[in-house]
Amino acid sequence: MENPNSANTAKSDNPETGRKTQKVKWYRKKIFIIPFFVFLLIIAAGFWYWDTYLRGYVSTDDAHIEGNSVAISAKILGRITNLTVNEGDTVSMNQFLVQLDSTDLHARKVQARANVEYAKQSAALAQVNQKLAQEDFNRAAVQFQKKIIPQEQYDHAKQALDRAKVQHDMALAQISTAKAQLDVIKTQLLDTRIYSPISGVVARRWVLPGDVVQPAQPIFTIYNLSDIWITANFEEGKINSIHMNDPVEISVDAYPGINFSGSVFEVGAAAASQFSLIPPNNASGNYTKVSQRVPFKISIHQDDKHEDIVHLLPGMSVVVKVRVKGESK
């Protein structure tokens with residue numbers, strides 16, 4: 001009679017020992033069981049990672065830190081004589097930064113003051129001439145009424161009075177012009193001293209003392225590091241699930257292991273490609289559809305305990321994960 005367990009196991013004779021050994025089915029061998037459980041463990045771990053870190057999130061690594069910056073430049077042509085700060089220095093609002101050469105302007109200021117005094121003296125002389133012309137005309141008018149002088153002499157006296165009045169008005173106008181020129185030079189002298197309009201950090205120095213700068217030529221670039229945010233460019237197919245004030249998880253490449261949080265506070269009004277140097281023209285015949293990206297601005301809620309070791313600077317690369325509303329773990 002056959003053994004009822006022969007369906008699961010099989011016996012074979014061992015020629016060396018003369019005993020019968022049992023053969024284990026292939027699916028009961030450790031070489032198959034261990035990989036099978038490892039495979040199940042990998043699937044479970046993958047599902048846990050997807051449920052914990054991917055489901056309900058919209059993420060992108062096309063993101064970087066931005067901040068308000070100011071380009072410090074001169075309003076007038078001038079040679080730099082002194083720079084009071086350097087790259088990396090912290091500056092405060094209204095701090096003196098740049099001194100331009102003012103030697104020529106001081107000389108022009110002295111000349112302009114002399115022109116003002118000359119115009120005033122010319123006006124005084126014109127006033128005296130006008131007074132004399134007025135007296136001559138008054139006498140000529142009386143004599144003309146008494147038929148002492150002819151019409152021609154009377155007309156000459158009247159014309160002389162009119163000419164004296166015009167000359168006096170011109171002298172007064174020259175005073176105003178000379179004063180205006182003096183004010184322009186005074187303003188230019190003030191422009192030789194350049195101050196910081198904001199508080200921040202000098203990110204770049206573009207010139208050195210001795211260089212001649214043109215109007216609007218950058219001298220310093222200053223960033224306000226107390227007012228920074230993240231600009232993240234999301235694919236247009238993902239933005240329908242992102243809303244204002246959605247919470248965001250932030251990872252900065254420069255500080256691995258330190259997590260930051262934030263929230264969406266501004267949605268771009270156009271795709272980022274519209275602000276490129278040459279915007280794409282989709283009217284051509286060889287058009288290829290490319291997924292566009294829309295910029296979102298994200299605030300940074302920096303943890304106080306990281307303030308001493310973390311320095312978030314404009315331009316740093318980050319990875320953002322937006323927890324979209326309507327999703328819950």
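Residues numbered from 1 in each chain as written. Predicted model: local features only at pLDDT ≥ 70, side-chain atom pairs only at ≥ 80, totals over all residues. Heavy atoms only, no water.

1. Comments concerning the packing of aromatic side chains
(1) Moving on: This model, assessed by the stated rule, comprises four aromatic pairs.
(2) Moving on: Pairing Phe 96 with Tyr 195 gives two aromatic rings, centres 5.7 Å apart and planes at 55°, and the pair type is tilted. Of the two residues, Phe 96 sits in strand S6 (residues 96-100) while Tyr 195 sits in strand S7 (residues 193-195), which places them 99 residues apart along the sequence.
(3) Moving on: With 5.5 Å between their ring centres and 85° between their planes, Phe 234 and Phe 296 make a pair best called edge-to-face. Residue Phe 234 is found in strand S10 (residues 218-235), and its partner Phe 296 is found in strand S13 (residues 293-301); the two are separated by 62 residues along the sequence. The burial state of Phe 234 is the same as that of Phe 296; both residues are buried.
(4) Moving on: One aromatic cluster in this structure is built from Phe 137, Phe 144 and Tyr 154.
(5) Moving on: We note Lys 321 situated over the ring of Tyr 57; from NZ or CZ to the ring centre the distance is 4.6 Å. (Phe/Tyr/Trp six-rings, centres within 6.5 Å; stacked < 30°, edge-to-face > 60°. Helix = DSSP H or I, 4+ residues; strand = E, 2+ residues; numbered from the N terminus. Buried < 20%, exposed > 50% of the residue type's maximum accessible area, 1.4 Å probe, protein only. Lys NZ or Arg CZ within 6 Å of the ring centre and 35° of its normal.)

2. Some points on the nonpolar core
(1) Moving on: Formed by 26 residues in total, the largest nonpolar core has its most connected members in Ile 230, Ile 250, Leu 312 and Val 320.
(2) Moving on: Of all the secondary-structure elements, those providing two or more residues to this core are strand S3 (57-73), S10, strand S11 (247-252), strand S12 (259-267), S13 and strand S14 (317-323).
(3) Moving on: If you look at the next biggest cluster of nonpolar residues, it comprises 20 residues, including Val 85, Leu 97, Val 207 and Phe 220. (Core = buried A, V, L, I, M, F, W, Y, C linked by side-chain atoms within 4.5 Å.)

3. Quick notes on the pairing of S14
(1) Moving on: The element S14 is extensively covered by neighbouring structure, given that five of its seven residues are classed as buried.
(2) Moving on: Pairing of S3 with S14, which is carried by six bridges, proceeds in the antiparallel orientation. Looking at S14, one finds that Ser 59 is bridged to Lys 321.
(3) Moving on: Inspection of the sheet shows S11 paired to S14 by five bridges, in the antiparallel sense. By the bridge assignment, Glu 249 is partnered in S14 with Lys 321. (Pairing = 2+ DSSP bridges.)

4. Topic: the pairing of strand S4 (residues 78-83)
Each regular strand carries side chains that alternate between the two faces of the sheet.
(1) Moving on: In this structure, S4 lies alongside strand S9 (residues 212-213), joined through two bridges in antiparallel fashion. Paired with Gly 78 across the bridge in S9 is Val 213.
(2) Moving on: Pairing of S4 with S6, which is carried by three bridges, proceeds in the antiparallel orientation. Note that in S6 the partner of Asn 82 across the bridge is Gln 99.

5. Re the pattern of salt bridges
Close approach of charged atoms lets side chains of opposite charge pair.
(1) Moving on: The tally for this structure, following the rule as stated, stands at seven salt bridges.
(2) Moving on: One salt bridge connects Glu 266 with Lys 297, and the closest N-O pair in it is separated by 3.9 Å. Of this pair, Glu 266 sits in strand S12 while Lys 297 sits in strand S13, placing them 31 residues apart in sequence.
(3) Moving on: Connected through shared salt-bridge partners, Asp 62, Glu 235 and Arg 293 make up one network. (Salt bridge = Lys/Arg side-chain N within 4 Å of Asp/Glu carboxyl O.)

6. Things to note about helix H3 (residues 151-191)
(1) Moving on: Taking 1.5 Å as the rise per residue, H3 with 41 residues should run 60 Å; its terminal C-alpha atoms sit 60 Å apart, in good agreement.
(2) Moving on: If you check which residues of H3 are buried, you get Tyr 154, Ala 157, Leu 161, Ala 164, His 168, Ala 171, Ile 175, Ala 178, Leu 182, Ile 185, Leu 189 and Asp 191. (Expected span 1.5 Å × (residues − 1).)

7. Focus: the sheet that holds S9
Think of a sheet as strands paired side by side through backbone hydrogen bonds, with each pair either parallel or antiparallel.
(1) Moving on: Read across the open sheet, the four strands follow the order S7-S6-S4-S9; overall the sheet is antiparallel. Because the sheet does not close on itself, it has two edges, and the strands there are S7 and S9.

8. Regarding helix H2 (residues 103-145)
(1) Moving on: A rise of 1.5 Å per residue sets the reference length of H2, with its 43 residues, at 63 Å; its end C-alpha atoms lie 63 Å apart and thus fit the reference within 8%.
(2) Moving on: Looking only at H2, the buried set comprises Leu 105, Lys 109, Ala 112, Val 116, Ala 119, Ala 123, Ala 126, Ala 133, Phe 137, Ala 140 and Ala 141.
(3) Moving on: Of the residues flanking the end of H2, it is Lys 147, one or two places downstream, whose phi is positive at about 65°.

9. Focus: a nonpolar patch on the surface
(1) Moving on: Taken together, Phe 37, Phe 39, Leu 40 and Ile 43 make up a surface patch of nonpolar side chains, about 410 Å² in accessible area.
(2) Moving on: Along the chain, the position of Ile 43 falls in helix H1 (residues 30-54).
(3) Moving on: Exposure remark for Ile 43: the relative accessible area of 46% places this residue in the partly exposed category. (Patch = residues over 30% accessible without salt bridge, like charges linked within 9 Å, V, L, I, M, F, W, Y side chains within 5 Å. Areas by Shrake-Rupley, 256 points an atom, 1.4 Å probe, with all protein chains shown as cover.)

10. Overview of the side chain of Asp 246
(1) Moving on: Its place among the elements puts Asp 246 in the loop between S10 and S11.
(2) Moving on: Classification of Asp 246 by relative accessible area gives buried; the value is 0%.
(3) Moving on: Of the polar contacts made by the side chain of Asp 246, one reaches the backbone nitrogen of His 243; its length is 2.7 Å. (Polar contact = N/O pair within 3.5 Å; in protein donor to acceptor, adjacent residues only side chain to side chain.)

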